[in-house]
Amino acid sequence: MNSDTQLSLFNESNCNQKDLIPTDAKIPIPSGTYTSLTELTPHCQNCHRCELGENRTHAVVGRGNPQAKIMIIGEGPGQNEDETGLPFVGKSGQLLDKILASVNLSTEHDIYICNIVKCRPPENRVPTPEEMAACKPYLLEQIRLVDPKIILLTGATAVKGITGNKQGITKIRGQWLDWEGRLCMPIFHPSYLLRNPSREKGSPKWLMWQDIQAVKAKYDEVTGDWGRKF
Ligand code: SF4
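No experiment lies behind these values; they were computed from the predicted model shown. Residue numbers run consecutively from 1 along every chain, following the written order of its sequence. Reporting of local features is limited, given that this is a predicted model, to residues whose pLDDT is at least 70; pairs of side-chain atoms are given and counted only at 80 or more, and all residues count toward the totals for whole chains, interfaces and linings.

Engineer: Sorry if this is basic, but what is going on with the nonpolar core here?
Structural biologist: Within soluble globular proteins, side chains that are nonpolar generally end up buried alongside one another. Ranked by size, the top nonpolar core spans 51 residues in total, and within it Ile-70, Met-71, Ile-73, Ile-111, Cys-135, Leu-152 and Leu-153 carry the most contacts. For this core, the element with the most residues is helix α5 (residues 129-146), which contributes seven residues. Ignoring any residue separated from it by four or fewer positions in sequence, one finds Ile-73 in contact with Cys-114, Asn-115, Ile-116, Ile-151, Leu-153, Thr-154, Ala-158 and Ile-162. To form a nonpolar core, buried Ala, Val, Leu, Ile, Met, Phe, Trp, Tyr and Cys residues must be joined through C-beta atoms within 7 Å. For every residue, the other C-beta atoms within 10 Å of its own C-beta are counted; 20 or more classify it as buried, 12 or fewer as exposed, and values in between as partly exposed. C-beta atoms are placed from the backbone. Here a strand is any run of E in DSSP of at least two residues, a helix any run of H or I of at least four, and the numbering for each starts at the N terminus. By the convention adopted here, residues are in contact when the distance between their C-beta atoms, placed from the backbone, does not exceed 7 Å.

Engineer: Would you mind going over helix α2 (residues 37-45) with me for this structure?
Structural biologist: Because each turn of an α-helix spans 3.6 residues, side chains separated by three or four positions in sequence point in the same direction. Those residues of α2 that fall on the buried side of the exposure criterion are Leu-40, His-43 and Cys-44. Down the axis of α2, the buried side of the element spans an arc of 100°, and every buried residue falls inside it. Buried residues along α2 sit in contact with α5. Arc, as used here, means the arc of the directions from the helix axis to the C-beta atoms.

Engineer: Any chance you could explain the site of the ligand here in plain terms?
Structural biologist: In the vicinity of the ligand lie 14 residues, with Cys-47, Cys-50, Gly-53, Cys-119 and Cys-135 positioned nearest. Per-element tally for the shell around the ligand: the top contributor is α5, with three residues. Residues are grouped as follows: Ala, Val, Leu, Ile, Met, Phe, Trp, Tyr, Cys and Pro are nonpolar; Asp, Glu, Lys and Arg are charged; every other residue, Gly included, is polar. Here the residues of the shell around the ligand sort into nine nonpolar, two polar and three charged. Think of it this way: take the backbone, place a C-beta atom on it, and check whether that atom is within 6 Å of the molecule or strand, in which case the residue is near it.

Engineer: Which parts of the structure should I look at to understand the pairing of strand β4 (residues 150-154)?
Structural biologist: Along any regular strand, the residues point their side chains to alternate faces of the sheet. Most of β4 sits out of view: five of its five residues are buried. In β4, alternate side chains face the same way, and those of Ile-150, Leu-152 and Thr-154 on one face and Ile-151 and Leu-153 on the other are all buried. Taken together, the four bridges between strand β2 (residues 70-74) and β4 define a ladder with parallel strand orientation. The residue bridging Ile-72 from the neighbouring strand is Leu-152, located in β4. Pairing between strands is defined by DSSP: at least two bridges between them are needed. In terms of strand pairing, β4 meets strand β6 (residues 182-187) through five bridges, oriented parallel. Paired with Ile-150 across the strands is Leu-183, a residue of β6.

Engineer: Is there a simple way to think about the sheet that holds strand β3 (residues 111-115) in this case?
Structural biologist: Each strand in a sheet pairs with another by means of backbone hydrogen bonds, the pair being arranged parallel or else antiparallel. With mixed pairing, six strands are arranged side by side in an open sheet as β1-β3-β2-β4-β6-β5. The strands lining the two open edges of the sheet, one partner per strand, are β1 (63-64) and β5 (177-179). Here an angle of 0 to 180 degrees is reported between the N-to-C directions of two axes, which are lines fitted to C-alpha atoms, with helices fitted over the stretch in contact. Its contacts with the sheet put helix α6 (residues 156-163) on β2, β4, β5 and β6, and the angle it makes with β4 is roughly 130°.

Engineer: Is there a simple way to explain the pairing of β6 in this structure?
Structural biologist: Strand direction decides the pairing type here: β5 and β6, joined by three bridges, are antiparallel. Looking across to β6, one finds that Leu-177 is bridged to Cys-184. Between β5 and β6, which pair antiparallel one after the other, the connecting turn spans two residues, and Glu-180 there sits at a positive phi close to 50°.

Next up, the structure:
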């Protein structure tokens, strides 16, 4: 789909000015463009601001509670996500759901999950800085609309995409960062935990358990949710 086609497609859907989403990734999508995630979703599904739009089956926008107090941001869709249109499904997603459930958090009620880029990079490669920059306005709109108290960044790419911090995930995981006035914590990506199954003290899984307990404690603190303990 070329730029003209995309612009006309957005034009046809509605005569509203905000449907003119620029195909040139250098042109920003201003904060406040969308009034809801429902408005944002079809734009991602028709977007060609970067080349990842060329081969997707589905743009993967998000899942969970659109008013959640915790947002989890991953890197990008894999094959299962591209096929289903939902983030963090498949083995990684099942493990993530299990980790959250272990501290009485549910993806349905307490969490909104999305990714740095909405379309699957070929061969699951890391998205390029240009692709991340092209897609970032959608993510910033998602953050503005969901308005989470806590953001969990799964893996180094998510940390880099949001904060610009290029440190390795093993160095910065478990630390609270302030980003744009929001509490953020880098954590391991569940796929990394699948590759490192040991539960020994100091192992990635053990460290994740420490981190998720710290997240739950902070969640209870910021929401005053003292009644929902394990
Ligand atoms: S990855 Fe993001 S910017 Fe690139 S085509 Fe998909 S929705 Fe658009």
